[in-house]
Amino acid sequence: EARAAEVGARAAPSPYGGTAHPPGAVEAALEEYAGFVEAEWLTEAAAIERTAASLAAGEILALWASGGAEYGPRALGRRSIVADPRNAAAVDRLNRLVKKREPFRPFAPSVLAEHAGDWFEGVPPSGSPYMSFALPCKRRDAIPAVCHVDGSARLQTVGGEADPRWRALIAAFFALTGVPLVLNTSFNTRPAEPIVEGPANALAAFLHVASEASGGEAVSGGEAASGAGGSAQGGAEEGAEEESAEEGGIDRLLLLLGDGRAALVRARRCPLAAAGAAAAIARAGEAGEARLGGLRA
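Everything quoted here is computed from the prediction, not taken from an experiment. (Residues numbered from 1 in each chain as written. Predicted model: local features only at pLDDT ≥ 70, side-chain atom pairs only at ≥ 80, totals over all residues. Heavy atoms only, no water.)

1. Considerations on the nonpolar core
Right, on to step 1. In terms of nonpolar packing, the biggest core is built from 76 residues, with L30, F120, W166 and V265 touching the most fellow members.
Right, on to step 2. At eight residues, helix α7 (residues 199-213) tops the list of elements feeding residues into this core.
Right, on to step 3. The residues touching F120, leaving out its near neighbours within four places in the chain, are P109, V111, L135, P136, C137, K138, I143, A153, L155 and L181. (Core = buried A, V, L, I, M, F, W, Y, C linked by side-chain atoms within 4.5 Å. Buried < 20%, exposed > 50% of the residue type's maximum accessible area, 1.4 Å probe, protein only. Helix = DSSP H or I, 4+ residues; strand = E, 2+ residues; numbered from the N terminus. Contact = heavy atoms within 4.5 Å.)

This is the structure we're talking about:
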């Protein structure tokens, strides 16, 4: 017990040992895809509050946050797809429309570390900061989207080692709902596709889902997304923000730049979507192959 307490008292190493992208990468990516998306620029704090409210209302959002990507097999809050764990229907939407995999496949929770013991049994003193442990759910009926058929969940405890923006999002959701956790799955949108890397890759993956969900009427055309100082309207109707959260697999993409700014991104609606998204995905794939080639060399 003393040894366990000693280990639990240590700060876990940061999981964000992957690639970081330079300042301006998000703006450049939004400029590249300006004909396919609408970006609303907000302060980071306002975007986190808006995202928490959207999750509580049943939306599914993708998240890309600046800084080093997660190093390892799990999404830990910088390259994630996020949903309300209370919403059992989110499991079908994600498996069918985003992951394209078997309907029984489960999703994991990310829970504020200080509340993990209230929702899961046997949480170790050191927590589960890397989503390493599958533990029994104490309140399975309250969070059906993250509890497997056997009543277990492979959880990430979100403590001081986590990105503070990730903690802030879960805390904002907790304040709205009384539930200190969210559904968290890796931000990749095709079978056998790895987790997204840079902001352009994140936009391509988001557009892939948007175009499929709308039958090829999701993106392209219209005015360009706004610059870093304002909000992009792109000729969208006033009621566009109120579209049904059940229309597609991912409703919005949140880009956190790390300098106090954030962009909430939606896909444009138009018949050129399929071609535009396909071209975006092809470019992202070519860039990935180039990086792999450099590593092999």
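2. Quick word on the environment of R266
Right, on to step 1. The topology assignment puts R266 in strand β9 (residues 261-267).
Right, on to step 2. When the C-alpha positions of R266 and L253 are compared, they lie 6.7 Å apart, and in sequence the two are 13 residues distant.

3. Points about the packing of aromatic side chains
Right, on to step 1. For the structure on display, the rule yields one aromatic pair.
Right, on to step 2. Their ring planes at 45° and their centres at 6.2 Å tell us that Y33 and F36 sit as a pair that is tilted.
Right, on to step 3. Of the residues examined, Y33 reaches a relative accessible area of 2% and is grouped as buried.
Right, on to step 4. We classify F36 as buried; its relative accessible area is 15%.
Right, on to step 5. Looking at R78, its charged tip hangs above the ring of Y16, at a distance of 4.0 Å from the centre.
Right, on to step 6. Taking NZ or CZ as reference, R139 lies 3.9 Å from the ring centre of W119, over its face. (Phe/Tyr/Trp six-rings, centres within 6.5 Å; stacked < 30°, edge-to-face > 60°. Lys NZ or Arg CZ within 6 Å of the ring centre and 35° of its normal.)

4. A closer look at the packing of helix α3 (residues 44-56) against helix α6 (residues 164-177)
Right, on to step 1. Running from amino to carboxyl end, α3 crosses α6 at an angle of 50°, the nearest separation of the two axes being 9 Å. By the angle class used here, α3 and α6 are oblique. As for how α3 packs across α6, the hand of that crossing is right-handed. In this structure, α3 uses E44, I48, E49, T51, A52, A53, L55 and A56 to contact α6, whose residues at the interface are R165, A168, L169, A172, F173, L176 and T177.
Right, on to step 2. Grouping the constituent residues of the contact of α3 with α6 by class yields ten nonpolar, two polar and three charged. (Axes fitted to C-alpha atoms, helices over the stretch in contact; angles between N-to-C directions. Parallel < 35°, antiparallel > 145°, perpendicular 65-115°, else oblique. Left-handed = near helix turned anticlockwise from the far one by under 90°. Nonpolar A, V, L, I, M, F, W, Y, C, P; charged D, E, K, R; others polar.)

On their own, these measurements won't tell you what the molecule is for.
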